[in-house]
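# Geometric and topological summary
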Amino acid sequence: MSLLLNGIGISRGVAIGRVHRYDYTAPDIRRHTLAVEAIEPEIKRFCAALETAAAELRALKTRIPEDSSSEVGAFIDTHLLMLEDHLLSRVPVEHIRAQHCNAEWALKLQHDELIATFDAMADPYLRTRRDDVSHVVDRILRLLQHDAERPPAAPPRTSIVVAEDLSPSDVVALQHARIGGLVTEYGGPLSHTAILARSLGIPAVMGTHAAGRLLHDTERVIIDGEAGLVLADADEALTRRFRQKLRAQRARNERLRSMRTLPTVTADGADVTLQANIELDTDLNAVRQAGEIGVGLYRTEFLFIGRRDPPDEEEQYKIYRRAVRGLKGQVLTIRTLDLGGDKLSDAVDIGEQTPNPAMGLRAIRLSLREPALFVPQLRAILRASSHGPVRLMLPMLTDLSELHRALELIAEQREALSSEGRHYDPSMPIGAMIEVPAAALIAEDFARRLDFLSIGTNDLIQYTLAIDRTDDAVNDLYDPLHPAVLKLVRLTLDGADKAGIPVAMCGEMAGDPAYTRLLLGLGLREFSVPPNRHAEIKYVITRSDVRIISARAAQLCTLPNRQERLQALAELNRGLDELLL
Ligand code: PEP
Ligand code: MG
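Presented here is an overview of the structure given in this document. Fair warning: this is a prediction, and the values are worked out from it, not measured in the lab.

### Digging into the side chain of T266
- Take T266: it is sitting in the loop between α10 (236-257) and β9 (273-278).
- In this structure T266 comes out as buried when scored by relative accessible area, which is 4%.
- At a separation of 2.7 Å, a polar atom in the side chain of T266 contacts the side chain of D268.
- Residues within four places of T266 in sequence aside, it is in contact with V272, L520, I541, T542, S544 and V546.

### Looking at the nonpolar core
- By size, the foremost hydrophobic cluster in this structure holds 92 residues, and its most contacted members are Y298, Y320, L394, F446, L453, L518 and F527.
- Tallying contributions element by element places helix α14 (residues 371-384) first for this core, with eight residues.
- Every residue in contact with L518, bar those within four places of it in the chain, is listed here: L481, L486, M509, A553, L556, L569 and L572.
- By size, the runner-up hydrophobic cluster in this structure holds 52 residues, among which are I64, L107, F118 and V133.

### Regarding the coordination of the magnesium ion (ligand 2)
- Coordination sphere of the magnesium ion (ligand 2), protein contribution only: E435 (OE) and D459 (OD), at 2.0 to 2.1 Å. Taken together, the residues span a long stretch of sequence, with E435 in the loop between β13 (430-434) and α16 (437-441) and D459 in helix α18 (residues 457-465) at a distance of 24 residues. One exposure class covers both E435 and D459, and it is buried.

### What to know about the packing of aromatic side chains
- Summed over all chains, the structure comprises one aromatic pair.
- Consider the rings of Y298 and Y320, whose centres lie 6.0 Å apart with planes at 90°: the pair is edge-to-face. In this pair, Y298 sits in strand β10 (residues 295-299) while Y320 sits in helix α12 (residues 313-326), placing the two residues 22 residues apart along the sequence. One exposure class covers both Y298 and Y320, and it is buried.
- Seen from the ring of Y317, R383 lies directly overhead, with NZ or CZ sitting 3.9 Å from the centre.
- Over the aromatic face of F452 sits the side chain of R391, whose NZ or CZ is 3.8 Å from the ring centroid.

### Quick word on the pattern of salt bridges
- Scanning the model with the defined rule gives 29 salt bridges in all.
- Of the charged contacts in the structure, one is a salt bridge between E42 and R45, with a shortest N-O distance of 2.8 Å. One end of the pair is E42 and the other is R45, both in helix α1 (residues 39-61) and three residues apart, which spans about a single turn.
- For E42, a relative accessible area of 9% corresponds to the buried category.
- When its relative accessible area of 27% is taken as the criterion, R45 is described as partly exposed.
- Salt-bridge contacts for E444 lead to R448; the nearest nitrogen and oxygen are separated by 2.7 Å.
- One salt-bridge network, held together by shared partners, links E301, R335, D338, R362, D459 and R469.

### Overview of the sheet that holds strand β3 (residues 14-21)
- Sheet architecture is open: eight strands sit in the order β1-β8-β7-β3-β4-β5-β6-β2, paired in mixed fashion. Lying at the two open borders of the sheet, with one neighbouring strand each, are β1 (3-6) and β2 (8-11). Along the sheet, successive strands turn relative to each other by an average axial angle of 30°, direction set aside.
- Across three bridges, β3 lies against strand β4 (residues 160-163) in parallel orientation. Bridged to V19 within β4 is I160.

### Focus: the site of ligand 1
- Neighbouring ligand 1 are 15 residues; R299, R335, G456, N458 and R469 lie closest to it.
- R299 is positioned with one of its side-chain polar atoms (N or O) 2.7 Å from an oxygen atom of ligand 1.
- One of the side-chain N or O atoms of D459 is found 2.9 Å from an oxygen atom in ligand 1.
- Relative to its unbound accessible surface of 290 Å², ligand 1 loses 99% to contact with the protein.
- Elements that contribute at least two residues to the shell around ligand 1 include exactly β10 and α18.
- The element that contributes the greatest number of residues to the shell around ligand 1 is α18, accounting for three residues.
- Looking at side-chain class alone, the shell around ligand 1 contains three nonpolar, four polar and eight charged residues.

The rules we used
- Residues numbered from 1 in each chain as written.
- Chains lettered and ligands numbered in written order.
- Predicted model: local features only at pLDDT ≥ 70, side-chain atom pairs only at ≥ 80, totals over all residues.
- Heavy atoms only, no water.
- Helix = DSSP H or I, 4+ residues; strand = E, 2+ residues; numbered from the N terminus.
- Buried < 20%, exposed > 50% of the residue type's maximum accessible area, 1.4 Å probe, protein only.
- Polar contact = N/O pair within 3.5 Å; in protein donor to acceptor, adjacent residues only side chain to side chain.
- Contact = heavy atoms within 4.5 Å.
- Core = buried A, V, L, I, M, F, W, Y, C linked by side-chain atoms within 4.5 Å.
- Donors = N, O, S within 2.8 Å, 3.2 Å for Na, K, Ca; no water.
- Phe/Tyr/Trp six-rings, centres within 6.5 Å; stacked < 30°, edge-to-face > 60°.
- Lys NZ or Arg CZ within 6 Å of the ring centre and 35° of its normal.
- Salt bridge = Lys/Arg side-chain N within 4 Å of Asp/Glu carboxyl O.
- Pairing = 2+ DSSP bridges.
- Axes fitted to C-alpha atoms, helices over the stretch in contact; angles between N-to-C directions.
- Near = heavy atom within 4 Å.
- Areas by Shrake-Rupley, 256 points an atom, 1.4 Å probe, with all protein chains shown as cover.
- Nonpolar A, V, L, I, M, F, W, Y, C, P; charged D, E, K, R; others polar.

Structure representation (structure tokens):
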């Protein structure tokens, strides 16, 4: 009889392998009272553990695969920052001194206090930070308890790692060991560990609460990271079925890899531009792996996040220049700062207690309000444009007056740079994101004053359907196929067409192969997507005939019922089943 465990499908893919139970011994923490002369040595022991933890994390960072997204390194940086924070580095020392207790106990006291504070917070983003605190504390505890001398055995290649919970840095280490898949008892789809498993392409199932009790070391299991299934003791027929799925998955990956050097042209010969979205200039490695492509969205706010002072003009200029040079003649579209909403930085004060951050002082609104922040960025981008093709893109425009003001500031900085004898490309294209319904409704007016547009569907859907993109409770209502969303996408495409300028899409919708044919059918010819989605999107493009899909795509937009639209989408995607498994 086979055993079936249900969990949450976190990261697509089937894996078959032997169970490797990972780190199942939770540290047993007891209080010891120390003699006065033992206090200073105890503090030294604690500080040494902190240092080793930081050294381990830094070493781990060097083992991140080149083509991983910048998120991977960012998680490790977050943990490094936490290790340095006085709440974890100083407060336990104060506890050791005041309470004459051992370091483990002092750390546990502080951990419990921090967790209670996080638990009292409603914000889902901050709650994910709570897990980060626990992961960092676990790392220090392991070191304090001498596990450094007996680190958990590295799992064998292709094994299925079963753990109670894993930290993002555990995932990096496990990927290095080339495991086959992951099963955890806790964790959800939005946790950093989950995001990381997806970005590293490790099949994963989370939230299988009984896994630790029911799965034994070295027994053979099958996991399906899409359906959220873990199967033990599967019979012959079932195993054969999953082996087949695994073979299809390998063939699919192979086919996708071979797409890298092919041109991006539809089956009936229409040229399509495929570009990449990046968050940090280190993502350029992944862009280069995807082929010779440009960048359609560089989210520069990540340069400001995780630091206490904003980067000045010179620092930004050097970063942008490095990125332009790294692209070797391919275009770099630099989006000006989009801070605010769910992206906050200690370096920029947006004001305490914004009642509704997504609708508050965000993106271009903040930049226009704070010229001291905006002007250095404009100057840095202009200067970088003298080193290769650069486009400047403004986020979240709503009203033409915002565009006029931004264009004025850009013109002023051009003049200032000229009078200082600095170089820039005088014809650097300037474009804007269409991500607010108001902007989509008057897209043609924006288009007549700009060189290009790019549709940001993440926000366009959020603002059109009044669904907070960070709120799990309304996630299921987030519908890219909503007729109102599709109408706004079409209006933007029409507006750009009438003004004779190109229009791209850089929101998540552009990177989901399920929507590629629909978007091609509606007339989109430029897609900007995360580098690891390139092959899939290109695959669909090369297998689409625009002459056939245009009428069907237009028809889909008129269907009032969601079920009917999904059905029409499935019909539009017929023949792609092996890709959209
Ligand atoms: C968007 O809104 O679709 C977009 C690409 O911008 P961001 O996700 O950075 O808000
Ligand atoms: Mg946006």
